[in-house]
Amino acid sequence: PLRSLEGDAERLSQLFSLAREEAQIRGAPIRFETTRDRYRFVIFKDRQWRPIEDDTHLRVREWEAPTRVRVVKSDGSDILEFGRDLIEPPFRVILTRPAGSIEIAANGLGIFEVQPAQQQPGPQPDHDDGERPRRVPGLLGQPAGGRALEADGGVLAGVAVAAVLAGQALGV
C-alpha cells in the first residue's frame with residue numbers, strides 16, 4: 001500500500017514539472033485540482049478554467065487508492081498554479097492514505113522531490129468531501145528545470161539563495 005502511494009507521488013511530481021513547462025510554452029496558467037479519488041490539471045483559456053483534454057499526460061487521473069492532499073505553503077494559499085514567474089515560494093504537497101504519508105517538496109526553482117512526509121504542528125484541515133475539487137497551493141511557474149537561472153549568475157544567484165532560505169524556513 002505504501003508503495004502505491006510512493007508511485008502516485010513520483011508520477012505527480014513529474015506531472016507538476018510537465019505542467020510547469022506547459023504553462024510556459026502555452027503562455028497560459030495551469031492549475032492542479034484534486035479530490036480523494038482523482039486529480040486533474042486545468043488551463044485558463046477563453047476567460048475560464050477548462051480541463052486539459054489535448055495532452056495525454058495532464059489528463060484526469062484516478063489515485064490508486066483514496067488520497068487526502070494537504071499543502072504547506074508560507075502564504076497559506078490553496079491554489080497550485082503554474083504560470084510565467086521564474087521563482088516562487090517553496091511549498092510541500094502531502095499525500096496521505098491509511099498506510100502512511102509522503103510529500104512532494106517544491107524548492108521554488110522548478111525542482112519537485114518526493115520524500116517522507118514531515119510532521120506539521122497544529123490543526124489539520126479536513127478535505128475529505130471526496131467530490132468537490134480542491135485547488136492545491138503552489139507555484140506560479142518557472143521555466144523548465146530552472147535553466148533561465150544560468151543566464152545571469154549574479155542577480156539570479158542572489159534570488160536563488162533567497163528561495164533556498166525561504167525553503168529552509170518552511171522545512172522544504
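First things first, this report covers the structure right here in the doc. The shown structure was predicted, so the numbers you read here are calculated from the model rather than taken from an experiment. (Residues numbered from 1 in each chain as written. Predicted model: local features only at pLDDT ≥ 70, side-chain atom pairs only at ≥ 80, totals over all residues. Heavy atoms only, no water.)

For the rest of this paragraph, the subject is the overall build of the protein chain. When you go through the protein chain residue by residue, the secondary structure sums to two helices and 10 strands. The linear arrangement of helices and strands in the protein chain, starting from the amino end, is α-β-β-β-β-β-β-β-β-β-β-α. Of the contacts formed within the protein chain by residues at least 6 apart in sequence, a portion of 69% connects residues at least 24 apart. Counting every atom, the protein chain has about 9,000 Å² of accessible surface; 51% of that belongs to carbon and sulfur. (Helix = DSSP H or I, 4+ residues; strand = E, 2+ residues; numbered from the N terminus. Contact = heavy atoms within 4.5 Å. Areas by Shrake-Rupley, 256 points an atom, 1.4 Å probe, with all protein chains shown as cover.)

As for its placement among the helices and strands, serine 13 is situated in helix α1 (residues 2-26). Classification of serine 13 by relative accessible area gives buried; the value is 6%. Once residues lying within four places of it in the same chain are set aside, the contact partners of serine 13 are Ile104, Phe112 and Val114. (Buried < 20%, exposed > 50% of the residue type's maximum accessible area, 1.4 Å probe, protein only.)

Here we take up unusual backbone geometry. Even without glycine at this site, aspartate 46 takes up a positive phi of about 55°. Here aspartate 46 shows up in the loop between β2 (38-45) and β3 (48-51). On the basis of relative accessibility, which here comes to 60%, the residue aspartate 46 falls in the exposed class.

Now for the sheet that holds strand β9 (residues 112-116). Spatial ordering of the open sheet is given by β5-β7-β8-β9, a layout of four strands whose pairing is antiparallel. Both outer strands of the open sheet, β5 (68-73) and β9, are each paired with one neighbouring strand and no more. Strand-to-strand, the axes of this sheet are offset by a mean angle of 25°, without reference to chain direction. Sheet analysis places strand β7 (residues 91-97) next to strand β8 (residues 100-106), joined by seven bridges and oriented antiparallel. Counterpart to phenylalanine 91 in the pairing with β8 is alanine 106. Of the strands in this sheet, β7, β8 and β9 touch α1, which is tilted by about 20° from β8. (Pairing = 2+ DSSP bridges. Axes fitted to C-alpha atoms, helices over the stretch in contact; angles between N-to-C directions.)

Right, let's get into the pattern of salt bridges. One pass over the structure, following the stated rule, counts 10 salt bridges. Across the pair glutamate 62 and arginine 38 runs a salt bridge whose closest N-O atoms are separated by 3.6 Å. Taken together, the residues span a long stretch of sequence, with glutamate 62 in strand β4 (residues 61-62) and arginine 38 in strand β2 at a distance of 24 residues. For arginine 38, a relative accessible area of 31% gives the class partly exposed. Three or more residues joined by partner-sharing salt bridges are found here, namely Asp8, Arg11 and Arg97. (Salt bridge = Lys/Arg side-chain N within 4 Å of Asp/Glu carboxyl O.)

Shape descriptors only; they carry no functional weight alone.
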